[in-house]
Amino acid sequence: MEEHDKITHVGVILSANLSSSERTNSACSKGRSALMSIMGIGIKIYGINPITSTNLYQKICLPSALYGSELWNSLTQTELLQLEKMQRFCAKKIQSLHWRTRSDMCTSLIGLIRVEAHIDNSKLRFLGRLCNLPSMLCKSIFLTRLFSFKLNCTVRKLGFIPDVHRILKKYGLLNYLETFTDTGSFPRKQIWKIIVRDRIREYEQNQWQQRISTDPDFDRFRLLHTKLNEPSILWKIALRKPGLVPQLSLLVRLCTLAPAADNELNECYTCGLMYNDVVVHLLTACHALDEIRNQFWSFIIDNCDMEYSTSLNQLSDEMCTCAMLGANFLAPDPPHHDTYKLLIAAAMFFNKAKSMIKQLSA
């Protein structure tokens, strides 16, 4: 009989030494390949809207990469990092962002949560299907393993049950499993799906805010984008105005620029003024853009409410820059129609200064 070190069972690679690294490598390769295979339909710079591209990624690329992930267990931190790198690669390709763009920026701008959260979601929903099964052989096997784990009948606790127990504890959902083992009651499929989705989103939002709250590279970005699960307002405007995708793409790239240190000064090659933040300098001070800047403010005064334009003019240079990059602190949520006008005008302004931005930020 021929022996093999690995075998593919229902699309999942099983290794003789119980290592999952090859399976993870295969998943990452599938995810990247799936994205490359659909890039021809327009997933490129100035192509179809990144929100649409993200929907395609979530419905084609991610399921291809994570096929069978309900039964993955004991993933190492190295393997999780590999999967996250795959998603970051796809997020940057979708938005045509520089490969050195900060990961928490490029994924949050299109509303992507971590791959680990997607795997957790798959496992928890699979648990719900198992708990709601009628009396049959596979449910008997599940119950046997569940109670063996609960009663500490095994020394080495590996596999689906220990993994899903850890995930339930992580998201504060362990009480549902305890209720099931005590009474046999478990939420129905649709209710459980909503519970899992909301808890994972809440957890991911909190984790993302903690990561960016202490990093100085995110000092401006924290004001521009506040919700992980929602795409950037700039990409939402691009859905309404497809012809402005090139100009709005430039604004998105400006959002991802890290603010310079306060003591880091440079000289503008056109006006000779010293600056430490290229975006603020171009918007508020550079004499080479005086005419374009006057046109911008004339548009705001003529087309926006007087109260809105007055409030905008009273902001500090930094806050005004943030407002022009998508920060929504001048209007209620959801954004006011004047906010959309401001961002479209800002996109046109920075697009006219595009050559200067490239040279000053190089």
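What you are looking at is a predicted structure, and each value in this text was computed from that prediction instead of being measured.

Enquirer: Teacher, can you tell me more about the overall build of the protein chain here?
Expert: In terms of regular secondary structure, the protein chain is built from 18 helices and four strands. Across its three principal axes, the protein chain shows a C-alpha extent of roughly 80 × 50 × 40 Å. Looking at the protein chain as a whole, 44% of its 362 residues qualify as buried. Pairs at least 24 apart in sequence give 66% of the contacts found in the protein chain among residues at least 6 apart. Within the structure as shown, the protein chain displays about 19100 Å² of accessible surface, and the carbon and sulfur contribution to it stands at 54%. The protein chain carries 43 positive and 33 negative side-chain charges, and their two centres are separated by 9 Å.

Enquirer: In this structure, what is going on with the pattern of salt bridges? I would like to understand it.
Expert: Pairing between side chains of opposite charge can happen when their charged atoms approach one another. Throughout the structure, instances matching the rule amount to 15 salt bridges. For R293, the salt bridge goes to D290, with nearest N and O atoms at 2.7 Å. Placement of both R293 and D290 in helix α14 (residues 290–303) is noted, with a separation of three residues, approximately one turn of the helix. On the accessibility criterion, D290 (31% relative accessible area) is partly exposed.

Enquirer: How do you make sense of the layout of surface pockets when you look at a structure like this?
Expert: The rolling of a water-molecule-sized probe over the atoms marks out the regions of remaining empty space. In this structure, the second largest pocket occupies an estimated 830 Å³ of space. Surrounding the second largest pocket, 26 residues form its lining, Q58, L62, H118, N121 and R125 being those nearest its centre. Looking at the lining of the second largest pocket, the elements with two or more residues in it are α2 (50–65), α5 (115–131) and α9 (189–213). Examining the composition of the lining of the second largest pocket, we find that seven residues originate from one element, α2, more than from any other. When the residues that make up the lining of the second largest pocket are grouped by side-chain class, the tally is nine nonpolar, 10 polar and seven charged.

Enquirer: Help me out: how do you make sense of the packing of α2 against helix α3 (residues 77–95) in this one?
Expert: Describing two packed helices takes the angle between their axes plus the distance from one axis to the other. Interhelical geometry of α2 versus α3 gives an angle of 150° and a closest axis separation of 10 Å. The orientation of α2 relative to α3 falls into the category roughly antiparallel. For the crossing formed where α2 meets α3, the hand is right-handed. Contacts between α2 and α3 involve P50, S53, T54, Y57, L62 and A65 from the former and M86, Q87, C90, I94 and Q95 from the latter. Its residues assigned to classes, the contact of α2 with α3 comprises seven nonpolar, four polar and no charged.

Enquirer: I'm lost on helix α16 (residues 317–324) in this one. Help?
Expert: Three or four residues apart is the spacing at which side chains of an α-helix point the same way, because the helix has 3.6 residues per turn. Of the positions making up α16, those classed as buried are C320, T321, C322, A323 and M324. Considering only its buried residues, α16 is in contact with α10 (221–224), α12 (245–255), α13 (278–284), α14, α15 (306–313) and α17 (337–352). Positive phi appears at G326, one or two residues downstream of α16, with a value of about 125°.

Enquirer: What's the story with the nonpolar core in this structure? I'm lost.
Expert: The tendency in soluble globular proteins is for nonpolar side chains to be buried side by side. Formed by 105 residues in total, the largest nonpolar core has its most connected members in L124, L251, M324 and F350. Looking at this core element by element, the count peaks at eight residues for α17. L251 has contacts with L234, M324, L325, L343, A346, A347 and F350, leaving out every residue within four places of it along the chain.

Enquirer: Please explain helix α6 (residues 137–150) as it appears in this structure.
Expert: Over its 14 residues, α6 runs 20 Å from end to end, which matches the ideal 20 Å to within 8%, given 1.5 Å per residue. Those residues of α6 lying buried are K139, F142, L146 and F149. Angular distribution of buried residues about the axis of α6 spans 90°; they occupy a single face of the element. Turned more than 90 degrees off the buried face of α6, the exposed positions are L137 and T144. For α6, the elements touching its buried residues are α5, α7 (160–170) and α8 (174–183).

Enquirer: Could you clarify how one ought to interpret the packing of aromatic side chains in this entry?
Expert: Geometry of an aromatic ring pair is reported as the spacing of the ring centres plus the angle between the planes. Counting across every chain of the model gives 10 aromatic pairs. Centre to centre, the rings of Y171 and Y203 are 5.0 Å apart; their planes meet at 75°, and the pair counts as edge-to-face. In this pair, Y171 is assigned in the loop between α7 and α8 and Y203 in helix α9, connecting sequence segments 32 residues apart. A relative accessible area of 5% means that Y171 is categorised as buried. Both rings, one in F180 and one in F186, keep their centres 6.0 Å apart while their planes meet at 85°; by these two values the pair is edge-to-face. Overall, F186 belongs to the buried group, its relative accessible area being 8%. Clustering of aromatic rings is evident, with ring pairs tying together F142, Y176, F180, F186 and W192. For R32, the ring lying beneath its charged end belongs to F89, and the centroid distance is 5.7 Å.

Enquirer: How should I be thinking about the state of the cysteines in this particular structure?
Expert: Each disulfide consists of a covalent bond between the sulfur atoms of two cysteine residues. The tally for this structure, following the rule as stated, stands at zero disulfides. For the unlinked cysteine C131, the closest cysteine sulfur is that of C138, found at 12 Å. Overall, C131 belongs to the buried group, its relative accessible area being 4%.

Enquirer: Mind showing me how you'd approach the side chain of E204 here?
Expert: Examined against the element boundaries, E204 turns out to sit in helix α9. Residues in contact with E204, not counting those within four places in the same chain, are I113, R114, A117 and L228.

Enquirer: Help me out: how do you make sense of the environment of G111 in this one?
Expert: Its location among the elements puts G111 in the loop between α4 (103–108) and α5. Sequence spacing of G111 and L228 is 117 residues, and the spatial spacing of their C-alpha atoms is 5.6 Å. In contact with G111, other than residues within four places in its own chain, are L228, N229, E230 and P231.

Here is what the cut-offs are and how they apply
Residues numbered from 1 in each chain as written. Predicted model: local features only at pLDDT ≥ 70, side-chain atom pairs only at ≥ 80, totals over all residues. Heavy atoms only, no water. Helix = DSSP H or I, 4+ residues; strand = E, 2+ residues; numbered from the N terminus. Buried < 20%, exposed > 50% of the residue type's maximum accessible area, 1.4 Å probe, protein only. Contact = heavy atoms within 4.5 Å. Areas by Shrake-Rupley, 256 points an atom, 1.4 Å probe, with all protein chains shown as cover. Lys, Arg positive; Asp, Glu negative; His and termini not counted. Charge placed at Lys NZ, Arg CZ, Asp CG, Glu CD. Salt bridge = Lys/Arg side-chain N within 4 Å of Asp/Glu carboxyl O. 1 Å grid on protein atoms, 1.4 Å probe; cavity = no way out; pocket = protein on both sides within 12 Å on 5 of 7 lines; lining within 4 Å. Points joined across faces, edges and corners; volume = space filled by probe spheres on them. Nonpolar A, V, L, I, M, F, W, Y, C, P; charged D, E, K, R; others polar. Axes fitted to C-alpha atoms, helices over the stretch in contact; angles between N-to-C directions. Parallel < 35°, antiparallel > 145°, perpendicular 65-115°, else oblique. Left-handed = near helix turned anticlockwise from the far one by under 90°. Core = buried A, V, L, I, M, F, W, Y, C linked by side-chain atoms within 4.5 Å. Expected span 1.5 Å × (residues − 1). Arc of directions from axis to C-beta. Phe/Tyr/Trp six-rings, centres within 6.5 Å; stacked < 30°, edge-to-face > 60°. Lys NZ or Arg CZ within 6 Å of the ring centre and 35° of its normal. Disulfide = S-S within 2.5 Å.

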